[in-house]
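Chain by chain, the residues run as shown.
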Amino acid sequence: MSSRNQNKPPRSPSNKKENVLDEAPLDKRRKIVIGKMVAPSTNLRSRSVLSTVNAGPNLGHGADQKAAAVAGSDGGSSGGGIEFNSREDVERLLSEKMKGKNKNDYKGKSEQMIEYIRKLRTCIKWFMDLEDGHLSELEKLRGTVEFQEKRHTEFETQMRKREEELNMTVEQLETKLASSLESFQKEEALKLAALKSYEKEAEARVTSEASRAALSEDLERANHEAKRSNDQIKMLQETNKRLQEYNTSLQQYNSNLQSDAVKNGETISKLQKEKNAMMDSLTSLRDHSNSLKNQLDSSRTTLQDALKQKEDLKKEVYFLRSELQQVRDDRENQLAQVQTLTSEIANYKELTGKSSKELDNIMAKTNALEETCSSQRVQIQSLQHQLAAANEKLKMADLTASETMSEYLQQKRTLNDLQNRVAEQELQILEAEKLRKKLHNTILELKGNIRVFCRVRPLLPEKESNTTEGAIVSYPTSTEFLGRGIDLMHHAQTYSFTFDKVFNHEASQDDVFVEISQLVQSALDGYKVCIFAYGQTGSGKTYTMMGRPEADEEKGLIPRSLEQIFQTSQALQCQGWKYKMQASMLEIYNETIRDLLSPVRPGSNFDANVKQYAIKHDLNGNTHVSDLTIIDVCSINEVSFLLQQAAQSRAQNSRFKGYSI
Ligand SMILES: Nc1ncnc2c1ncn2[C@@H]1O[C@H](COP(=O)(O)OP(=O)(O)OP(=O)(O)O)[C@@H](O)[C@H]1O
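These numbers come from a predicted model, not from an experiment.

Trainee: Where do I start with the overall build of the protein chain in this structure?
Mentor: Of the regular secondary structure elements, the protein chain holds 14 helices and 11 strands. The burial tally for the protein chain puts 32% of its 661 residues in the buried class. For the protein chain, contacts bridging at least 24 residues in sequence account for 71% of all contacts bridging at least 6. A total accessible area of about 42,700 Å² is found for the protein chain, and carbon and sulfur atoms account for 52% of it.

Trainee: For this particular structure, what's the right way to read the sheet that holds strand 2 (residues 473-474)?
Mentor: Hydrogen bonds between backbone atoms are what pair the strands of a sheet, whose relative direction is either parallel or antiparallel. Pairing is antiparallel in the open sheet, where three strands are placed in the order 2-3-4. Edge positions in the sheet fall to strand 2 and strand 4 (493-498), since each has one partner strand and no second.

Trainee: Can you help me understand the side chain of Glu-201 in this one?
Mentor: Structurally, Glu-201 can be placed in helix 6 (residues 106-259). Nearest to the buried, unbridged Glu-201 among oppositely charged side chains is Arg-205, at 5.7 Å. Residues contacting Glu-201, with those up to four places away along its chain left out, are Leu-320, Leu-383 and Gln-386.

Trainee: Would you mind going over helix 12 (residues 557-573) with me for this structure?
Mentor: Residues lying three or four places apart along an α-helix face the same way, a consequence of the helix completing one turn every 3.6 residues. For helix 12, which comprises 17 residues, the first-to-last C-alpha distance of 24 Å matches the rise-based estimate of 24 Å (1.5 Å per residue) to within 8%. In terms of residue burial, helix 12 counts as a mostly covered element, since 13 of its 17 residues are buried.

Trainee: Looking at this structure, how should I read the pairing of strand 4?
Mentor: The side chains of a regular strand alternate, residue by residue, between the two faces of the sheet. For strand 3 (residues 485-490) and strand 4, the ladder comprises six bridges, and the chain directions are antiparallel. The partner of Met-489 across the bridge, within strand 4, is Thr-494. If you look at the hairpin formed by strand 3 and strand 4, you'll find two residues sitting between the two strands, and His-491 has a positive phi there, around 50 degrees.

Trainee: When you look at the packing of aromatic side chains in this model, what are you seeing that I'm missing?
Mentor: Each pair of aromatic rings is reported with the distance of its centres and the angle of its planes. In this structure the tally under the stated criterion is three aromatic pairs. Geometrically, the ring pair formed by Trp-126 and Phe-127 is edge-to-face, given 4.9 Å between the ring centres and 65 degrees between the ring planes. For the residue pair Trp-126 and Phe-127, the accessibility class agrees, reading buried in each case. Here the aromatic rings of Phe-453 and Phe-503 are separated by 5.9 Å at their centres, their planes lie at 85 degrees, and the arrangement is edge-to-face. Of this pair, Phe-453 sits in strand 1 (residues 453-455) while Phe-503 sits in strand 5 (residues 501-503); the two residues are 50 residues apart in sequence, bridging distant segments of the chain. For Phe-453, a relative accessible area of 24% gives the class partly exposed.

Trainee: Looking at this model, I keep getting lost on helix 5 (residues 87-94). Mind explaining?
Mentor: Within helix 5, burial applies to Arg-87, Asp-89, Val-90 and Leu-93. With its buried residues spanning 160 degrees around the axis, helix 5 presents them on a single face.

Trainee: Would you explain the pairing of strand 7 (residues 586-589) in this entry?
Mentor: Examined bridge by bridge, strand 7 and strand 8 (residues 592-595) share four bridges and lie antiparallel to one another. Considered in strand 8, the bridge of Ile-588 is made with Ile-593. Counting the residues in the hairpin turn of strand 7 and strand 8 gives two residues, including Asn-590, whose phi is positive at 55 degrees.

Trainee: Would you take a moment to explain the nonpolar core for this structure?
Mentor: Side chains that are nonpolar tend, in soluble globular proteins, to be buried together. Grouped together as the largest cluster of nonpolar side chains are 25 residues, with contacts concentrated most on Ile-516, Met-585, Val-633 and Leu-643. Elements represented by at least two residues in this core include exactly helix 10 (509-524), helix 12, strand 6 (581-583) and helix 14 (636-651). In terms of residue count, the dominant contributor to this core is helix 10 (six residues). With near-sequence residues (within four places) excluded, Leu-643 lies in contact with Met-546, Ile-558, Leu-562 and Met-585. Within the second largest apolar cluster, 17 residues are counted, among which are Ile-233, Leu-236, Leu-271 and Leu-292.

Trainee: I would appreciate a short explanation of the environment of Asp-627 in the present structure.
Mentor: Inspection of the secondary structure puts Asp-627 in the loop between strand 10 (623-625) and strand 11 (631-633). In this structure Asp-627 comes out as exposed when scored by relative accessible area, which is 54%.

Trainee: Is there a simple way to explain the side chain of Asp-487 in this structure?
Mentor: As for its placement among the helices and strands, Asp-487 is situated in strand 3. In this structure the side chain of Asp-487 is engaged in a polar contact, spanning 2.8 Å, whose partner is the side chain of Ser-496.

Trainee: Looking at this structure, how should I read unusual backbone geometry?
Mentor: It is generally the case that most residues other than glycine have a negative phi and that most peptide bonds are trans. Phi is positive for Ala-492, which is not a glycine, with a value near 65 degrees. By secondary structure assignment, the location of Ala-492 is in the loop between strand 3 and strand 4. With a relative accessible area of 73%, Ala-492 lands in the exposed category. Not every positive phi belongs to a glycine, and Asp-627 is a case in point at roughly 60 degrees.

Trainee: Please clarify how a nonpolar patch on the surface should be interpreted in this entry.
Mentor: A cluster of nonpolar residues, Leu-427, Leu-430 and Trp-577, forms a patch on the protein surface that exposes about 290 Å² of accessible area. On the secondary structure map, Trp-577 appears in the loop between helix 12 and strand 6. Since its relative accessible area comes to 40%, Trp-577 is described here as partly exposed.

Trainee: In this structure, what is going on with the environment of Pro-458? I would like to understand it.
Mentor: With respect to the helices and strands, the residue Pro-458 is situated in the loop between strand 1 and helix 9 (469-472). Along the backbone, Pro-458 and Gly-540 are 82 residues apart, and their C-alpha atoms lie at a distance of 9.2 Å.

Trainee: It is not clear to me how the pattern of salt bridges should be interpreted in this structure. Could you clarify?
Mentor: Opposite charge on two side chains allows them to pair when their charged atoms are near. Applying the stated criterion to the full structure yields 11 salt bridges. Salt-bridge contacts for Lys-555 lead to Asp-552; the nearest nitrogen and oxygen are separated by 3.6 Å. Using a relative accessible area of 10% as the deciding quantity, one classes Lys-555 as buried. A relative accessible area of 56% places Asp-552 in the exposed class. A single network of salt bridges, built from pairs that share partners, joins Asp-552, Lys-555 and Glu-563.

Thresholds, definitions, all that
Residues numbered from 1 in each chain as written. Predicted model: local features only at pLDDT ≥ 70, side-chain atom pairs only at ≥ 80, totals over all residues. Heavy atoms only, no water. Helix = DSSP H or I, 4+ residues; strand = E, 2+ residues; numbered from the N terminus. Buried < 20%, exposed > 50% of the residue type's maximum accessible area, 1.4 Å probe, protein only. Contact = heavy atoms within 4.5 Å. Areas by Shrake-Rupley, 256 points an atom, 1.4 Å probe, with all protein chains shown as cover. Pairing = 2+ DSSP bridges. Lys, Arg positive; Asp, Glu negative; His and termini not counted. Salt bridge = Lys/Arg side-chain N within 4 Å of Asp/Glu carboxyl O. Expected span 1.5 Å × (residues − 1). Phe/Tyr/Trp six-rings, centres within 6.5 Å; stacked < 30°, edge-to-face > 60°. Arc of directions from axis to C-beta. Core = buried A, V, L, I, M, F, W, Y, C linked by side-chain atoms within 4.5 Å. Polar contact = N/O pair within 3.5 Å; in protein donor to acceptor, adjacent residues only side chain to side chain. Patch = residues over 30% accessible without salt bridge, like charges linked within 9 Å, V, L, I, M, F, W, Y side chains within 5 Å.

Below, the structure written as C-alpha cells:
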C-alpha cells in the first residue's frame, strides 16, 4: 500500500519528545544550517518518536527485543493484515480496546493481547524500518554533512588564504601605490627639472643667438677690417714699389751725383724734397703699420673673444648633452616603470576586480605618466633639435674662428713682411741718408767750406730817382762768371769781383735761401755752420737775415732756416732721432758782446748791465760764450718770440749785427 503520507514521520506526541530532539548537538545543527544542507527535521523527530515508542511504558526493553524478535520471525510488517503507513494507524492501534465484556475470558483477552502485541510488533517493525531508513538517510546526511563540512572547511581555508592573499595584494598595491605616488612626485620633480632645463636651454639659446649675432658683427667688422687692411696692404705694396723704384732712381741719382758733383747741388735740393716726401710716406707707412698693429691687436682680441665664446658654447653643448642623456635615462627608467606598472596592473586585474578604482586611478596616473613621457619625448626631441642647432652653430663658430685665425695669420704674415720691408726700407733710408750726408758734405766741401755770397739790394724808392746805380753795377754774362761775377764802375773804371754766388737786385729771399738751406742741412747733419752777414748800414743785412716774417715771400734766412730745422727735426724724429734745440742771440759791437736775450730790459741802464762775456772753445771744438742766455726752444713760435725780443734789444744799437743759432 502506498499513500501520500508514506515515509512521513508521525507527529510528536508531546513537547517532551521535542526536547529530546533538542538534545542533538548544536554544532551539527548550526553547521547544517550554515552549509544550507536541507535536512527535514521530521526525520529527527521520527527518530525521537521511535525512541519513545521503544521506551514505551508498558514494554520493557527486553520484552521489546523479544517482541521485535517475534515480529522478525514473522517475517514482515503485516501483522495480522495490518499495515502501518501513518500516525493515524498507530494511534488507531493504540486506541484499540479490548473486545469482549467478559472479564474472565482470559483466553480471548490473551488472544486479543497476542493480536494486539502482534500489531504492536508490526508497528514497531514499521517504526524500526522507518528508523533504519531514517538512520541510513541520517548516515547519508552525516556523510553529506561531513563532506559538506570538509568542503566548507576547505572552502573556508581557501577563502582565508585568498583573503590573506588579497590582504597581501592590497598591501602590495598600497606599497606600490605609495611607490607610484613617489615615482609620480619624482616624475613631477623631473618634469619641473626638465622645464627648468628647458628654460635654461631657452636662455642659453638666447645667449647663443646673441653671441652668434655678436660673432657675426665681429666677423663683419673683421671682414671690413680685413678689406681695409688688404686695401692698405695694396697701398703699402704700391708705396713699397714706388719706394723701391724711388730707391733705384735714388741710387741712380746718387751715381749721377758722384759722376757730376757740380751739378748735384740743385739735384740734392730736389733729392732733399723727395726725401722729405719719402719721409712723409715713411711716416704714413709707419702710421699704416701702427694702424695695422692696432687692427691686429683688435683682431687678436676678437679672435680670443671668439675662442672664449667657442669654449663657452662647447661647455654649454657638453652640459646640454649631459642633461639630454640624463633626461633620456630618466625617460627610459620611467618607461620601464610604466611597463612594470602596466604589467602589474594587468596582474592586479586578473587577481581581483575589487581594486578597479585603484586600478583606474593607477591607470589614470599611468596615462598621466605616459602623457608626461610623451611631453618629455617632445621636449627631448626639441632639445635634440636645439642640440643639433647648437652643434651647427658651434661648427659655424669653429669655421668662423678658423677663418678668422687664418685671416689673422695671413695678416700677421703680411704685417711681418711689411715690417721687414719697412725695416729694410729704413735701413736703406739710413744708408741713403748716410750717403746723402757724405755726398752733401762732399759737395759743400767741393763748393768750399767758406763761401762768400754777394747780394745787391735794389734801389730804394726815395733814392731811385737820382741814382746812377744801373750804370755802376753790371753782371758779366760770360759762362765762367755767370752768376758769380759782378762789375762795378767807378770813375770810368771797371772793378770786377767774383764770389761763390752773386744775387742781383731781382733775387728773392727764396733764391738766397736755396743756397743757404744747404748749409742749414749741413747743420742738421751735425756740421758746424756759421752764416755771417756783412755790409754797410742800409745795405740790406737785416732784410736778408730776418726780412719781414709776417709776409711769406719776404721772410728772411733766419725764419726760413728755423722752419727747415723744425720740419726736418720732426721728420727725423720718426727715424728715432732726438733733437734738443737751444737759442742764444748776441750782438758784438766794438769788441763788446751784448746778450740780446738777457732778461734785463735794455735802456734801463745799458752800461751798468753789460756783462763781461768771454768766448771759449772746448776740446771738441765747440764754441761757447760765457754767461750767455740760452733758452730751450721747441717750436718756431718760441723762436719767433725770441727774435722779436732780440730785435727790440738790438734796435737801440743798430750797427754791426751778428747772429748765432
Ligand atoms: N733786397 C732788398 N729788397 C728790397 N728792399 C731791401 C732789400 N735789401 C734791403 N732793403 C731795404 O733797405 C733798407 C735797409 O735795409 P736793412 O735795414 O736791412 O739794412 P742794414 O744793412 O740792416 O742796415 P743797418 O746796418 O743800419 O742795420 C730797408 O728798408 C730794407 O727794407
